[in-house]
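Given next are the chains, with one letter for each unit.
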Amino acid sequence: MHLITRLIALTRGMQLRRQFKEIEKALEQLAPNSRRQLAALAMREFSNAAKSEYPHLYATPPDEKYSPWGSGTSIGYERMKSDSLQVRLRGLALWLTVTFHETKDSPYADQRELHRLVMRTLRTLKETVPAKEMSQLLANHPQAA
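Not measured: the values here are computed from a predicted model.

(A) Quick look at helix α3 (residues 72-80). Of the residues making up α3, those classed as buried are G72, T73, G76, Y77 and M80. Down the axis of α3, the buried side of the element spans an arc of 125°, and every buried residue falls inside it. Of the surrounding elements, those touching the buried residues of α3 are α1 (2-28) and α4 (85-103).

(B) Highlighting the side chain of T99. Mapped onto the secondary structure, T99 falls in helix α4. Look past the residues within four positions of T99 in its chain and what remains in contact with it is L16, T73, L114 and V118.

(C) Geometry of the packing of aromatic side chains. One pass over the structure, following the stated rule, counts two aromatic pairs. Between the aromatic rings of F20 and W95, the centroid separation amounts to 6.1 Å while the plane-to-plane angle is 25°, which identifies the pairing as stacked. One end of the pair, F20, is in helix α1; the other, W95, is in helix α4, with 75 residues separating them in the sequence. We classify F20 as buried; its relative accessible area is 3%. Consider the rings of F46 and F100, whose centres lie 5.1 Å apart with planes at 70°: the pair is edge-to-face. On the criterion of sequence distance, the pair formed by F46 in helix α2 (residues 32-51) and F100 in helix α4 is long-range, its members being 54 residues apart.

Cut-offs used in this document
Residues numbered from 1 in each chain as written. Predicted model: local features only at pLDDT ≥ 70, side-chain atom pairs only at ≥ 80, totals over all residues. Heavy atoms only, no water. Buried < 20%, exposed > 50% of the residue type's maximum accessible area, 1.4 Å probe, protein only. Helix = DSSP H or I, 4+ residues; strand = E, 2+ residues; numbered from the N terminus. Arc of directions from axis to C-beta. Contact = heavy atoms within 4.5 Å. Phe/Tyr/Trp six-rings, centres within 6.5 Å; stacked < 30°, edge-to-face > 60°.

These figures capture arrangement, not role.
This is how it looks when you write it as structure tokens:
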């Protein structure tokens, strides 16, 4: 059973890493103003996820509650491919939030490494926005909740 669990975790880690590479490319292509919007959206997504019973299952339908992982990353990943900037930003914020929580306390080294990469990305994103501007963005984007 331990071998099967490890194999599932390895497969999931590979899937998230592959998605992360595309997430990084999408982040690099964002204009500074879009990065600021994404930072505000990500902060709201983290706030909403923290309020849920299982943050790693944030944005997952209730009938999938007992899945090994939720559908938040796949929803965010698909939204990230949208032609609409707002949908793309919401997808990026969702993917980063759910992946952060999913990999947070993983016993597997590859998922812990991905967690560190996601944390670094979030920190970089947050640093692009001055604190005063971040509070204004959060106040001016109530639809991001």
